Amino acid sequence: MLLNSICGTEAPSFLGIFDFSTAPTLLFYSYIPILIISIILSSIILVKDNYSVRSKLFFGIAMSFALWILNVLVQWVSSYHVGLMFAWQLTVLFEISIFIFSIAYIRTFINGNNVSWVINGILLIVYIATLIAVPTIYNIQSYDSVYCEGSLGIFWYFVYGFEILTLLWVLIIGIKGYITNKQDYNKRRQITLMTTGLTLFLLAFSVSNIYGEITQNYEVNLVGPLGMVVFLGLVTYTIVRYKSFNMRLFGSQALVYSLWVLVLSLIFINKIDVVHVIVLITLVLLIILGIILIRSIKNEITQKERLQKISLELYDANEKLKGLDKLKTEFLSLASHQLRSPLTAIKGYTSMLLEGSFGEVTGVQKDTIDKVFQSSKHLAKVVEDLLNVTKIEQGGMVYQMAPFDMEKTAKEIVDDLRITAEKKGLVMDFKTDNQAPYTLNGDMEKLRQVFLNLIDNSIKYTKGGSISVILGKNKDKIRFSVTDTGMGMTEETKQSLFQKFARGEGGKVNAGGSGLGLYLAKEIVGAHKGKVWVESPGVGKGSTFIVEL
Amino acid sequence: MIKKTKLFFIVLVITTLAGISFTFYKTVIKGDFVVIDSPEEEIVDTSIE
């Protein structure tokens with residue numbers, strides 16, 4: 001009987017089921033722009049905030065709200081009783097969803113993704129209860145075929161109660177978040193804006209609905225969605241001001257889209273007073289958008305100019321540094337070359353003196369000449385290191401690659417330095433892992449210098465105990481390691497030890513080192529596509545230098 | 001593999017659509033709801049028994 005009957009006397013003019021003549025004119029111009037803006041705004045946030053949980057929840061609020069609006073529009077324009085009743089029945093589902101998403105959103109916005117499963121469970125129970133209630137008489141108990149409206153059932157007492165509770169809940173979460181974020185001023189401001197916006201939206205929404213129901217004046221409901229405008233405005237402001245959704249142009253985009261919708265809607269309006277309202281809203285949005293855009297452009301220009309200036313300054317500074325570095329390298333190269341020749345002469349003549357080539361030298365004289373000889377030897381080593389560093393930096397280091405027996409070379413070095421070690425009372429031994437041959441393709445002289453340096457360092461910085469030199473294989477690589485019971489080092493020292501002029505803990509004890517030996521070792525080993533590193537359990541606990549080639 | 005939360009939401013959406021479809025069937029297709037012809041307050045039950 002009722003299935004095919006229509007509400008009122010007018011035949012449906014749109015799609016055979018809707019009649020727009022019964023709806024108030026302002027309905028479309030207050031509901032539709034808000035509906036479109038909500039969907040666009042929440043979609044932009046969702047995409048640009050990389051589908052984060054809070055943007056999904058904001059999208060949930062906007063979509064529930066959009067469905068609620070569409071449902072109300074259907075209630076105003078539907079011609080058939082069954083369609084009207086269906087729309088009346090669905091209202092509760094969309095209304096509850098708005099409030100559920102609002103709680104979840106504000107909690108995530110303030111507390112992050114730390115969700116309480118108890119609260120989520122409660123919200124789920126509320127939703128499922130609502131879903132079950134939708135087709136029952138507890139939701140819409142009857143339908144008035146004369147006034148074409150539903151009569152709310154007892155479930156709505158629960159719905160309105162839940163709405164008021166939610167409102168208070170949002171406020172409490174907001175206030176709690178404000179109090180707990182004492183140190184973070186920006187976060188506090190964001191919480192204030194979000195909580196205010198959401199509270200105003202929910203307040204306007206539920207109060208207008210409850211008041212409209214009590215007075216049976218459903219035109220009051222038209223005011224409700226305006227709260228959404230406030231909420232959307234504050235969300236946009238928060239995003240632009242604090243970039244809380246990781247976006248910059250977002251606010252401008254939203255406002256531009258709003259303007260498009262508002263201007264487009266003017267085309268369809270015949271009543272001049274409605275046009276005035278729309279123009280006024282457009283003007284207000286245009287002013288806000290204009291200010292935001294101008295400020296944003298000014299900021300961009302200032303920042304760009306500052307960056308360009310800094311970039312130029314950095315370029316100049318870098319060029320100067322490059323020039324200075326080149327000068328330093330050239331100076332070192334020149335100075336080292338100039339020093340090498342006289343040093344060779346000093347070393348040669350003192351050696352000849354010691355050997356008695358210029359006649360017999362007495363005990364005290366011999367000691368003194370020996371000191372001169374040792375010092376000149378040390379100085380020659382420093383000069384040699386400096387020359388090698390300059391060669392590396394100028395790209396002039398030449399490597400004579402050829403296969404050689406590492407075991408033989410290592411054994412020779414150990415034998416050479418064993419006397420020095422024993423003089424200090426140190427025990428030095430040499431072992432292999434018996435996986436011979438240890439043939440390597442490389443510059444034997446330079447690698448020999450590296451191994452010699454490492455063992456020499458161990459002797460220098462070990463007061464007592466032993467030094468163990470081990471040659472072995474690690475897969476297809478040859479591993480050379482020197483383990484001592486010396487002074488060890490800290491983690492910080494390990495990080496900087498292979499840098500130029502770096503001095504470890506031993507630098508305080510032995511001031512004679514140039515600080516270039518390990519840097520050179522790293523560069524030479526690197527040129528052989530190998531690596532060198534140090535391991536040490538800590539200061540005073542010894543260390544192990546490892547070369548893998 | 002679908003995450004548990006994603007699966008939960010898919011189930012929730014399907015349940016919601018099922019609920020709405022059932023309401024649509026009951027109200028729009030069958031016309032199973034209580035109708036009042038005001039102002040006489042005469043109650044007519046259109047449900048199919």
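Residues numbered from 1 in each chain as written. Chains lettered and ligands numbered in written order. Predicted model: local features only at pLDDT ≥ 70, side-chain atom pairs only at ≥ 80, totals over all residues. Heavy atoms only, no water.

1. Brief notes about the sheet that holds strand 8 (residues 531-535) of chain A
Residue and element names in this part refer to chain A.
So, point 1. The mixed open sheet is built from five strands, whose spatial order is 4-6-7-9-8. In this open sheet, the two edge strands, each paired with only one partner strand, are strand 4 (426-432) and strand 8. In this sheet, adjacent strand axes meet at a mean angle of 15 degrees when their direction is disregarded.
So, point 2. Where strand 7 (residues 477-484) lies against strand 9 (residues 543-548), six bridges are found, and the strand directions are antiparallel. Residue pairing in the sheet places Arg479 in a bridge with Glu548 of strand 9.
So, point 3. Docked against the sheet, helix 11 (residues 406-423) engages strand 4, strand 6 (465-474) and strand 7, running at close to 170 degrees with respect to strand 4.
So, point 4. Packed onto the sheet, helix 12 (residues 444-460) meets strand 4, strand 6, strand 7 and strand 9 and runs at close to 20 degrees relative to strand 7. (Pairing = 2+ DSSP bridges. Helix = DSSP H or I, 4+ residues; strand = E, 2+ residues; numbered from the N terminus. Axes fitted to C-alpha atoms, helices over the stretch in contact; angles between N-to-C directions. Contact = heavy atoms within 4.5 Å.)

2. Re empty space enclosed by the protein
Residue and element names in this part refer to chain A.
So, point 1. Counted under the stated rule, the structure contains one cavity of 30 Å³ or more.
So, point 2. A volume near 50 Å³ is recorded for the largest cavity.
So, point 3. Along its surface, the largest cavity is lined by Asp385, Asn388, Gln449, Val450, Asn453, Gly517, Leu520, Ala521 and Ile524.
So, point 4. Elements with a minimum of two residues in the lining of the largest cavity: helix 10 (363-393), helix 12 and helix 14 (517-527).
So, point 5. Here the element with the most residues in the lining of the largest cavity is helix 14; it accounts for four residues. (1 Å grid on protein atoms, 1.4 Å probe; cavity = no way out; pocket = protein on both sides within 12 Å on 5 of 7 lines; lining within 4 Å. Points joined across faces, edges and corners; volume = space filled by probe spheres on them.)

3. Considering unusual backbone geometry
So, point 1. The backbone of Lys529 of chain A shows a phi angle near 60 degrees, a positive value even though the residue is not glycine.
So, point 2. Residue class for Lys529 of chain A comes out exposed when judged on its relative accessible area of 72%. (Buried < 20%, exposed > 50% of the residue type's maximum accessible area, 1.4 Å probe, protein only.)

4. A few points about helix 3 (residues 81-111) of chain A
All names here are of chain A.
So, point 1. The end-to-end C-alpha separation of helix 3 is 46 Å, in line with the 45 Å expected for 31 residues at 1.5 Å each.
So, point 2. The largest bend along helix 3 reaches roughly 30 degrees and is located at Leu90.
So, point 3. When you tally the buried positions in helix 3, you get 28 out of 31 residues, the bulk of the element.
So, point 4. Positive phi appears at Gly112, one or two residues downstream of helix 3, with a value of about 75 degrees. (Expected span 1.5 Å × (residues − 1). Bend = angle between axes of the 7 residues up to and from the residue.)

5. Here's the deal with the interface of chain A and chain B
So, point 1. Contacts between the two partners involve 24 residues from chain A, matched on the other side by 24 residues from chain B.
So, point 2. Approximately 1900 Å² of surface area, both sides summed, lies buried where chain A meets chain B, with 75% of it carried by carbon and sulfur atoms.
So, point 3. Put simply, the parts of the chain that give the side of chain A that touches chain B at least two residues each are helix 3, helix 4 (117-133) and strand 1 (140-144) of chain A.
So, point 4. Tallying contributions element by element places helix 3 of chain A first for the side of chain A that touches chain B, with six residues.
So, point 5. When its residues are assigned to classes, the side of chain A that touches chain B shows 19 nonpolar, four polar and one charged.
So, point 6. In terms of strand pairing, strand 1 of chain A meets strand 1 (residues 34-37) of chain B through two bridges, oriented parallel. Counterpart to Tyr143 of chain A in the pairing with strand 1 of chain B is Val35 of chain B. (Buried area = accessible area lost by both parts, 1.4 Å probe. Nonpolar A, V, L, I, M, F, W, Y, C, P; charged D, E, K, R; others polar.)

6. Details of the packing of aromatic side chains
Residues and elements named next belong to chain A.
So, point 1. For the structure shown, the criterion picks out 16 aromatic pairs over all chains.
So, point 2. An angle of 25 degrees between the planes, with centres 6.3 Å apart, marks the rings of Phe158 and Phe162 as stacked. Placement of both Phe158 and Phe162 in helix 5 (residues 155-180) is noted, with a separation of four residues, approximately one turn of the helix.
So, point 3. We classify Phe162 as buried; its relative accessible area is 8%.
So, point 4. By way of ring pairs, the aromatic residues Phe65, Trp68, Phe99, Phe201 and Phe205 are connected into one cluster.
So, point 5. In this structure, Lys187 is placed above the aromatic ring of Phe109, and the distance from its NZ or CZ to the ring centre is 5.6 Å. (Phe/Tyr/Trp six-rings, centres within 6.5 Å; stacked < 30°, edge-to-face > 60°. Lys NZ or Arg CZ within 6 Å of the ring centre and 35° of its normal.)

7. Description of the nonpolar core
Residue and element names in this part refer to chain A.
So, point 1. In this structure, Tyr105, Leu198, Phe201 and Phe231 are the most contacted members of the largest nonpolar core, which totals 66 residues.
So, point 2. For this core, the secondary-structure elements that each account for two or more residues are helix 1 (25-48), helix 2 (53-77), helix 3, helix 4, strand 1, helix 5, helix 6 (185-215) and helix 7 (226-242).
So, point 3. The element best represented in this core is helix 3, accounting for 19 residues.
So, point 4. In terms of nonpolar packing, the next biggest core, distinct from the first, is built from 45 residues, Val389, Ala421, Ile467 and Met489 among them. (Core = buried A, V, L, I, M, F, W, Y, C linked by side-chain atoms within 4.5 Å.)

8. Some remarks on a nonpolar patch on the surface
So, point 1. There is a patch of nonpolar side chains on the surface, built from Ile164, Leu165, Leu168, Leu171, Ile172, Ile175, Tyr178 and Ile179 of chain A and spanning about 740 Å² of accessible area.
So, point 2. Summarising the element assignment, Ile179 of chain A is placed in helix 5. (Patch = residues over 30% accessible without salt bridge, like charges linked within 9 Å, V, L, I, M, F, W, Y side chains within 5 Å. Areas by Shrake-Rupley, 256 points an atom, 1.4 Å probe, with all protein chains shown as cover. Salt bridge = Lys/Arg side-chain N within 4 Å of Asp/Glu carboxyl O.)

9. Observations regarding the pattern of salt bridges
Residue and element names in this part refer to chain A.
So, point 1. Throughout the structure, instances matching the rule amount to eight salt bridges over all chains.
So, point 2. The residue Asp415 makes a salt bridge to Arg418 at a minimum N-O spacing of 3.0 Å. Residue Asp415 and its partner Arg418 are both found in helix 11; the two are separated by three residues, about one turn of the helix.
So, point 3. Residue class for Arg418 comes out partly exposed when judged on its relative accessible area of 24%.
So, point 4. Between Asp443 and Lys446 there is a salt bridge, and its shortest N-O distance comes to 3.3 Å. Lys446 carries the same exposure label as Asp443, and that label is buried.
So, point 5. Overlapping salt bridges, with partners in common, bring together Glu412, Asp416 and Arg448 in one network.

10. Focus on the confidence of the model for chain A
So, point 1. Confidence in the prediction of chain A, expressed as mean pLDDT, is 81, and 85% of residues score 70 or more.
So, point 2. The weakest mean pLDDT in chain A belongs to helix 8 (residues 250-267) of chain A at 69; the strongest belongs to helix 5 of chain A at 91. (pLDDT = per-residue confidence, 0-100.)

11. Overview of the packing of helix 2 of chain A against helix 6 of chain A
All names here are of chain A.
So, point 1. In contact at an axis separation of 14 Å, helix 2 and helix 6 are set at 25 degrees when each is read in the N-to-C sense. Taken together, the axes of helix 2 and helix 6 lie roughly parallel to each other. Note that helix 2 runs across helix 6; the crossing there is left-handed. In contact with Ile61, Phe65 and Trp68 of helix 2, helix 6 contributes Leu198, Phe201, Phe205 and Asn209.
So, point 2. When its residues are assigned to classes, the contact of helix 2 with helix 6 shows six nonpolar, one polar and no charged. (Parallel < 35°, antiparallel > 145°, perpendicular 65-115°, else oblique. Left-handed = near helix turned anticlockwise from the far one by under 90°.)

12. Topic: the packing of helix 3 of chain A against helix 6 of chain A
All names here are of chain A.
So, point 1. Two numbers describe how helix 3 lies on helix 6: the axes approach to 11 Å, and their chain directions differ by 170 degrees. Considered as vectors, helix 3 and helix 6 are oriented roughly antiparallel to each other. Here Glu95, Ile98, Phe99, Ser102, Tyr105, Ile106, Phe109 and Ile110 of helix 3 come into contact with helix 6, specifically with Lys187, Gln190, Ile191, Met194, Thr195, Leu198, Phe201, Leu202, Phe205, Ser206 and Asn209.
So, point 2. A class-by-class count of the residues in the contact of helix 3 with helix 6 yields 12 nonpolar, five polar and two charged.

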